[in-house]
Structure formats: structure tokens, C-alpha cells
Amino acid sequence: MSEPLVRAVNVSKSFGHVEVLRGIDLEVAPGEVVCLLGPSGSGKTTFLRCINHLERIDGGRIWVDGDLIGLAERAGRLHRLTDRQIAEQRRDIGMVFQRFNLFPHMTALENVVEAPVRVRGERRADAERRASALLERVGLGDRLGNFPSQLSGGQQQRVAIARALAMQPKLMLFDEPTSALDPELVGEVLAVMRELAADGTTMIVVTHEVAFAREVADQVVFMDAGVVVERGRPEDVLGNPRHERTRTFLARMRSGGPEQPAPPAAG
Amino acid sequence: MSTPAEPGERPGRIDAVEVRHPWRWVSVAVIAVLVLMLAHLLVTNRAFDWRFTLEAMNQTTVIRGFLIGTLLTTVLAMAVGIVGGVVLAVLRLSENRVLSSVSWVFTWFFRGVPRYVLLGFVGGLGALFGTGLSIGVPFDFLFSAWFGTPELRAVTIGQQTLYDLLGSTILGGIVGLGLSEAAYMAEIARAGILSVDRGQHEAAEALGMSRGLAMRRVVLPQAMRVIVPPTGNEVIAMLKDTSLLVAIPVTAELFYQLGQIGQQTYQVVASNMAAIIYYLIATSILMVGQYFLERRFGRGFGTQAAARPAAAGVSLGVGGAK
């Protein structure tokens, strides 16, 4: 088996006295799609945000493509990376947020062009060509000049995906990308993600969409209370869960649809 | 004639008598009379010598005072104020306690001191620098007293030059008004930066932007939407506060010059009228500029922002003297 693209070992994280992550391990192979499932407050979003250092971990290590995230080892001691070095590590990790977080003062095209030009120093003309192609690919070729406020939630999320892809990341992180969408708009976003997965993009997806996980994931990780309860192929974890907590969760998802609105700060 | 709908028949078009508003007409009549009285006063009262007003407005010293003391000082003091204010706001929001305290103390001092008093203080500041103002190694005079090392100074501005620059040119006004403005702008910029959603910082950082780049490209342009309207008020207030330059004392300033003319000719009303007209013209132009700035930074925030009529886009705030 090839070297994993993401390797997390014994990751722990507390907010004040609350332990949100208690020793998470995860390995993601290149091209693999991993879905993180679990009830609200289980720590899955926090864990995802640790991978690109939006949250600083207290213990354990995370490697992405061989780089230790947020830390450097010199002369046998660990040193925290500077903001600039962390920014550099983030360039290769795309992230899609629950609430899209598009830049509202820029058009769809400008949103996608911004980082390649300002961060990578790409020529504007080249970046615009690639951005148009990306927006075309997520089905928004006719919306280049629209501001986010003129787009539906589903369209905004697809622009956000194109914006992340424009940096040509090695890894894509999705933080509940469909949770803030009206039910009839969920499908268009999942369709784009399905296509990315089929193209061999390495993805880690925090989601409540059990059907999507079943269909697309190579590995499903079920988390609860800051630990991994169960992991494996989707047909095993979702079809034949071994743990009581997994079973309860899946039963609830089946009866009540997605969980009741996740808190804004999403666990 | 309208009749209630017959049972079984579906009600059709409404043809009702609109509500009458007699008091609106009364108020219109009252206002019309008041406007006529004002027009009559302006045209017939001897104290309004319009020819004299125009003549006063046309004096070289007055025009020079308007251009240098009023307009140029406003522009430069606001430049100092806006740049200083944004820097102070960023410092204030810093996680570094020392930096945020420095910003707080600065704001506390300059907001607390009246501008008239501050300008008088800046005007006499030369008195503090008996040996002039130098750029060099701090405390070099102590080292030279203790160790006999030479004084290490690259550039020195003499005390008399300082007196002249701060005490009789608009530089003193730019320093005094600019620092005072920075304190107000700091609060405005801080409110603007805080108005931008946390998710915007995160989205920028997730794309690998440095904090500075995220601030410049993502946060500040959105903060501007909140910053521009109160800043427009600040510019207008600043324009009017340049009349305080007399505290320094700087004489190349509009109101001082017109005041002199009024005193010498006893045409106080007419010369004050000249000043009022100048301030109104400048303020009106600024309001137009503000409208376009607001439109620029309202980009992408709802369709109403762009289609909003001009009158609503300009905020007519009351900017009192500070």
C-alpha cells in the first residue's frame, strides 16, 4: 500500500476544560474518500479543522503529504510554526465550509481567481482561464459575473468548491457542505462532490448525508464524544454496525432525517 | 356606486374613497409662508450685503485660506487620521496586550482633549525641544555623560524650526487634528473590522493567505461598507474644525481671514455669510463623493445597495465640533 496522504496519530484537543478530541487516529490514502459521521458535538468538525490548522491541537501529530502540520522538529525539540509557515501548509489543503464563506464583495470569478493570483502569484489571465474552466465544471459557467448574494445556496457552495480547487490542493476538506442548504439544493452539491471523488480527489467529508457516505466513501469513520467508535468500509459501518452507539445514531438519522439543526459553532 | 357584493357573487375590483389628509395641506401652507419670509429676509435685509459677500469670497487671502487652511488641511489631517485609525484599530484587536493597551491609551487621550485645546498645545510644542528634535540612538546623551561616547544623531531639526513649523504653518494643524482624528477613526475602523464575519477570516486563511493579505483583500474591503458612512461625517466635521486652526495660531485659513475682513469693515453678517457659503459648497461636494464611495464598497451586498436613490445613500449626520 502507498504512503498515506494524511496521517493523524493520537490527536487531542481541548477547549478550556472540555476535551473535544481524545486520541483520534486516521489514515487517508491518496485518492481515498473518507466520510466522518457522528452526532453533533462528537468532535468531527473540530478534527477536520485541525487538519489545516484552523484549530491548534494539544497532543498527537498530523501529517499531510509527509509534512507535520503546525510544527517542526529541530534538534530533537518541537517548534510551533510561524503564521507564514502555516499559511504555506494550507495552500495545498482546500476547505469547503458549512456556510460557504464566499467573499461577498467579489464576483464568482473573482472569488476563484483571488488565491491563485495573490497567494501563488499566478498571472491573472491564466488564473481567470482556469477559474472559468473550474466554474464551468461545477455547472456555473454562466454565472462568472454574479455576486454571491445573487446566487442560491447550492450555487454558492459550488463556487466555494471551485475556489478551493483553484489552488490545486492535494487534499479537500468538506465541513458539512450541505447542512446549510435547502433540501432541494443538496443534490447539486453532492453531484459535484461525487464527480470529484470519481476523478480521484482525496477528500475528507464531515457529513450527515448517510446515503452519500454509503455511495461514495471508501472509508467511513464514526465518531462520538471525541473518539473514533467505529471505522471501516461503508457497507460494514453503515450496513452492519458493530457498536451500539453507531446503531442508535443511524436509526435516528433514518427516522428523523438529518439531525436537528446543528449548533452554529458545529461540533 | 359601489355596493357590497351579493351573496354568492365573488368580490371584484376595489373602488374605495382614499383617506383624506387635511393636516398635510395645513403644514404645507405653514411651511410655504415660512419659506417666503426667509426669502424676503435674505433679499431685503440690509445686513445681507450680497455684493459685499461675493467680494469678500473673492479676496486672494480668503481663497488662499480656503484652499490651504481649509481644504488641504482637511485632506492631510484626514489622511493621517484614517491611516492612524486603521493601524490603531488593528493594534486594539491584537492578541498582544501591550499593543492593545497602547491603542487604548492613545484613543483615551486624544478623544478626551478638546481639539481647540490640542491645537493650542501643538502650536507651542517647540518649547519641549531645547536641543531640537533628532533622529539617532535613544538616550545617547546619557551614554555620553556616563561613558564619554559621542552623541549619535543622524538628523536634527532645530528648536526655532520646530517653533515655526508647528506654531505657524498648517503642519501643526495636520499633526493636532490628524492625531485627534485617528482616535475617532480607530473606533470606527474597529467596528468595521468586527462587523466582518469570522468565517471570512477563516476562508481566507484556509486558502493560504497570510493575516495581512486576508486583512487587506478580504476583511477591510468588507469593513469599508461599515466604515465609509461615519467616515464621511468625520470628513465633514474635520472640514469645519479647520476653523480652529486659529488656536495654533495659523492665519492662512478661511474663517480667520473672513473674520478679519468682517472686523475691519464692520460687515460681520456679510463676511460670515461668505464663510457659510464656502463651507456649504465644500460639504456638498464631499457628500457627492461619499455617495460614490458607498456605492463602490456596497458592491455585492444585495441589489438594493446599488439601486438605492442618491438621497438615501448620503448620510446627513451631525458632526459637532470636538
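Counting starts from 1 at the beginning of each chain's written sequence and moves along it residue by residue. As they are written, the chains are lettered A onward and the ligands numbered 1 onward, keeping that order. This being a predicted model, a pLDDT of at least 70 is required before a residue's local features are given, and a value of 80 or more before pairs of side-chain atoms are given or counted; all residues contribute to the totals for chains, interfaces and linings. In computing side-chain values, all of the structure's heavy atoms are included and hydrogens and water are not.

Re the interface of chain A and chain B
Then, in step 1: Listed per partner, the contact involves 27 residues of chain A and 23 residues of chain B.
Then, in step 2: Throughout, buried area stands for the accessible area (probe radius 1.4 Å) lost by two parts on being put together, summed over both. For the pair chain A and chain B, the two sides together bury roughly 2100 Å², of which 57% comes from carbon and sulfur.
Then, in step 3: Salt bridges are counted wherever a side-chain nitrogen of Lys or Arg sits within 4 Å of a carboxyl oxygen of Asp or Glu. Applying the counting criterion to the chain A and chain B interface returns five salt bridges.
Then, in step 4: With a shortest N-O distance of 2.7 Å, Arg217 of chain B and Glu114 of chain A are connected by a salt bridge. Should any heavy atoms of two residues lie within 4.5 Å, those residues are counted as being in contact.

Here's the deal with the packing of aromatic side chains
Then, in step 1: Here a Phe, Tyr or Trp ring, Trp counted by its six-membered ring, pairs with any other such ring whose centre lies within 6.5 Å, and the pair is stacked when the planes are under 30 degrees apart, edge-to-face when over 60, and tilted otherwise. Overall, the coordinates contain ten aromatic pairs over all chains when judged by the stated rule.
Then, in step 2: Where Phe139 of chain B meets Phe141 of chain B, the ring centres are 6.3 Å apart and the plane angle is 55°; that geometry is what we call tilted.
Then, in step 3: Relative accessible area decides the class of each residue, using a 1.4 Å probe on protein chains only: under 20% of the type maximum gives buried, over 50% gives exposed, and in between gives partly exposed. The exposure class assigned to Phe141 of chain B is partly exposed, which follows from its relative accessible area of 43%.
Then, in step 4: Arranged with centres 6.2 Å apart and planes meeting at 15°, the rings of Phe143 of chain B and Phe147 of chain B form a pair that is stacked. Highlighted residues: Phe143 of chain B and Phe147 of chain B, both in helix H6 (residues 140-147), separated by four residues, approximately one helical turn.
Then, in step 5: On the basis of relative accessibility, which here comes to 34%, the residue Phe143 of chain B falls in the partly exposed class.
Then, in step 6: Put simply, the rings of Phe106, Phe109 and Phe110 of chain B touch in pairs and so form one group of aromatic residues.
Then, in step 7: For a Lys NZ or an Arg CZ to count as sitting over a ring, it must be within 6 Å of the ring centre and within 35 degrees of the ring normal. The lysine or arginine in question, Arg163 of chain A, covers the ring of Phe103 of chain A, its NZ or CZ lying 4.5 Å from the ring centre. By definition, any uninterrupted DSSP run of H or I lasting at least four residues is a helix, any uninterrupted run of E lasting at least two residues is a strand, and each is numbered from the N terminus.

Quick word on the packing of helix H9 (residues 198-206) of chain B against helix H10 (residues 211-241) of chain B
All names here are of chain B.
Then, in step 1: Their axes nearest at 10 Å, the elements H9 and H10 cross at an angle of 140°. What the angle tells us is that H9 and H10 run oblique. As for how H9 packs across H10, the hand of that crossing is right-handed. Every residue of H10 that contacts H9 at Gln200, His201, Ala204 and Glu205 is listed here: Arg211, Ala214, Val218, Val219 and Gln222.
Then, in step 2: Residues are grouped as follows: Ala, Val, Leu, Ile, Met, Phe, Trp, Tyr, Cys and Pro are nonpolar; Asp, Glu, Lys and Arg are charged; all remaining types, including Gly, are polar. Counted by class, the contact of H9 with H10 contains four nonpolar, three polar and two charged residues. Helix axes are fitted only over the stretch in contact, all axes being lines through C-alpha atoms; the angle between N-to-C directions runs from 0 to 180 degrees. Oblique is the label for every angle not falling under 35 degrees (roughly parallel), over 145 degrees (roughly antiparallel), or within 65 to 115 degrees (roughly perpendicular). Helix crossings fall into two classes, left-handed where the near helix is turned counterclockwise from the far one by less than a right angle and right-handed where it is turned clockwise.

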